[in-house]
Amino acid sequence: MDYPQILTPVYRFLHCKTPQAWLDKARLPENLPLLLTDHLVCELKAAQTAMLMVRKYVADKEGAQALLDWLKPYEAFTFRDGEEPDFVALNKQIGKGVMPKTDDPWGRLLIDSMVLLIKEELHHFWQVREAMQRRNIPYVKITASRYAKGMLKEVRTHEPLTLIDKLICGAYIEARSCERFAALAPYLDDDLQAFYLSLLRSEARHYQDYLTLAEQIADGDISERVRFFGEVEAALITSADEEFRFHSGVPA
């Protein structure tokens, strides 16, 4: 895999790299269970975000219900103490035939991008869960980090500006995930290192998909808004953070 080709635009997009203090804490063996648990939840939340966008902005009733049903077993396990489903079997059930449909070109692009993103994030969810099981790490519910909330509170409250801002936030979250996977990989065992490096291409594509959608719906220059959220994101990553999570800032 050509890592520089994947990572160079990500580094250019982000306003800072992961602080060494976060990496020093992340590399400690005793923090691996927490890190993997939060990574697992982040994969599901990324899928939920994409699903909610499709449902809110373009989905027909039948397609919206199909998306809800798709995520239900993952949500029940992660948030409601549900039984652990057969994630491999679930992933094989996903078909394009039940996906939302629209004649709007931008809506079609949103559906195609987000449905692929959901499928990939749920596959990553299962891969993280497998990594936890191989290390005898039980799934225990944890609190969310301040990261996504810290960006979303800056989202404007009227459309289409709300949608544009949410798409830009999505781009930064995916780009940071990509950057952090690459930064953390050298400190992990061979198995996890290979897994994290295998995620780079899809995460880099996800951030670019979000940006493309934002640019198309805005039908104009969004560089000022992209720069604004870049500064918000960098402040969250470089400031002191009481909680240690996958997207947390400098450990307090």
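Everything here concerns the structure above.
I will try to describe carefully the structure that is included in this document.

Thresholds applied
Residues numbered from 1 in each chain as written. Predicted model: local features only at pLDDT ≥ 70, side-chain atom pairs only at ≥ 80, totals over all residues. Heavy atoms only, no water. Phe/Tyr/Trp six-rings, centres within 6.5 Å; stacked < 30°, edge-to-face > 60°. Helix = DSSP H or I, 4+ residues; strand = E, 2+ residues; numbered from the N terminus. Buried < 20%, exposed > 50% of the residue type's maximum accessible area, 1.4 Å probe, protein only. Lys NZ or Arg CZ within 6 Å of the ring centre and 35° of its normal. Salt bridge = Lys/Arg side-chain N within 4 Å of Asp/Glu carboxyl O. Disulfide = S-S within 2.5 Å. Polar contact = N/O pair within 3.5 Å; in protein donor to acceptor, adjacent residues only side chain to side chain. Contact = heavy atoms within 4.5 Å. Axes fitted to C-alpha atoms, helices over the stretch in contact; angles between N-to-C directions. Parallel < 35°, antiparallel > 145°, perpendicular 65-115°, else oblique. Left-handed = near helix turned anticlockwise from the far one by under 90°. Nonpolar A, V, L, I, M, F, W, Y, C, P; charged D, E, K, R; others polar.

**So, the packing of aromatic side chains**
In step 1: Counted according to the given criterion, the structure contains eleven aromatic pairs.
In step 2: For the pair Tyr 196 and Phe 246, a centre-to-centre distance of 6.1 Å together with 70° between the ring planes defines the contact as edge-to-face. You can see Tyr 196 sitting in helix H9 (residues 190–198) and its partner Phe 246 sitting in the loop between strand E1 (240–241) and strand E2 (250–251), a full 50 residues away along the chain. Each member of the pair, Tyr 196 as well as Phe 246, carries the same accessibility label: buried.
In step 3: Feature note: the residues Trp 22, Phe 181, Phe 195, Tyr 196, Phe 244 and Phe 246 constitute an aromatic cluster, connected by ring pairs.
In step 4: The residue whose ring lies beneath Lys 17 is Tyr 11, and the NZ or CZ to ring-centre distance is 4.1 Å.
In step 5: Geometry around Trp 22 places Arg 180 over its ring, the cationic atom sitting 4.0 Å from the centre.

**Looking at the pattern of salt bridges**
In step 1: As enumerated under the stated definition, the model contains 16 salt bridges in all.
In step 2: Residue Asp 241 pairs with Arg 146 through a salt bridge whose shortest N-O separation is 3.0 Å. Of the two residues, Asp 241 is situated in strand E1 and Arg 146 in the loop between helix H6 (105–134) and helix H7 (147–152); the sequence distance between them amounts to 95 residues.
In step 3: Close ionic contact of Asp 165 with Arg 225 constitutes a salt bridge, the shortest N to O distance being 2.9 Å. Within this pair, whereas Asp 165 is found in helix H8 (residues 161–184), its partner Arg 225 is found in helix H11 (residues 223–238), the two being separated by 60 residues in sequence.
In step 4: Residues joined by salt bridges that share partners form a network here, namely Glu 130, Arg 134, Arg 135, Asp 189 and Asp 191.

**Side note on the state of the cysteines**
In step 1: Tallied over the full model, the rule gives zero disulfides.
In step 2: The thiol sulfur of Cys 16 is not disulfide-bonded, and the nearest other cysteine sulfur, from Cys 178, lies at 14 Å.
In step 3: The exposure class of Cys 16 is buried, given its relative accessible area of 17%.
In step 4: Looking at Cys 42, it has no disulfide partner, and the nearest cysteine sulfur is the one in Cys 178, 15 Å off.
In step 5: Judged by relative accessible area, Cys 42 falls into the partly exposed class, the value being 21%.

**Here we look at the side chain of Arg 176**
In step 1: As for its placement among the helices and strands, Arg 176 is situated in helix H8.
In step 2: Separated by 3.1 Å, the side chain of Arg 176 and the backbone oxygen of Cys 16 make a polar contact.
In step 3: For Arg 176, the residues in contact, after removing those within four places along its chain, are Leu 14, Cys 16, Lys 17, Thr 18, Tyr 147, Glu 233, Ile 237 and His 247.

**A word on unusual backbone geometry**
In step 1: Put simply, Glu 159 and Pro 160 share a cis peptide bond, and its omega is 0°.
In step 2: Within the secondary structure, Pro 160 is located in the loop between H7 and H8.
In step 3: Residue Asn 136 is not a glycine yet carries a positive backbone phi of 55°.
In step 4: Considering the arrangement of structural elements, one finds Asn 136 in the loop between H6 and H7.
In step 5: We classify Asn 136 as exposed; its relative accessible area is 69%.
In step 6: Positive phi, normally seen in glycine, also occurs at Asp 219, with a value near 55°.
In step 7: Mapped onto the secondary structure, Asp 219 falls in the loop between helix H10 (200–218) and H11.
In step 8: Taking the relative accessible area as the measure of exposure, Asp 219 reaches 70% and is therefore exposed.

**Observations regarding the environment of Arg 80**
In step 1: Tracing the backbone shows Arg 80 in the loop between helix H4 (61–79) and helix H5 (87–92).
In step 2: Sequence spacing of Arg 80 and Ala 144 is 64 residues, and the spatial spacing of their C-alpha atoms is 15 Å.
In step 3: In contact with Arg 80, not counting residues within four places along its chain, are Lys 72 and Glu 75.

**Here's the deal with the packing of H6 against H10**
In step 1: At their nearest, the axes of H6 and H10 sit 11 Å apart, and the two run at 160° to each other. Comparing their axes, H10 and H6 come out roughly antiparallel. In this structure, H6 crosses over H10, and the sense of that crossing is left-handed. Residue-level inspection shows Trp 106, Leu 109, Leu 110, Ser 113, Met 114, Leu 116, Leu 117, Glu 120, Glu 121 and His 124 of H6 in contact with H10, the latter providing Ser 202, Glu 203, Arg 205, His 206, Asp 209, Tyr 210, Thr 212, Leu 213, Gln 216 and Ile 217.
In step 2: For the contact of H6 with H10, a count of residues per class yields nine nonpolar, six polar and five charged.

What is shown is where atoms sit, not what they do.
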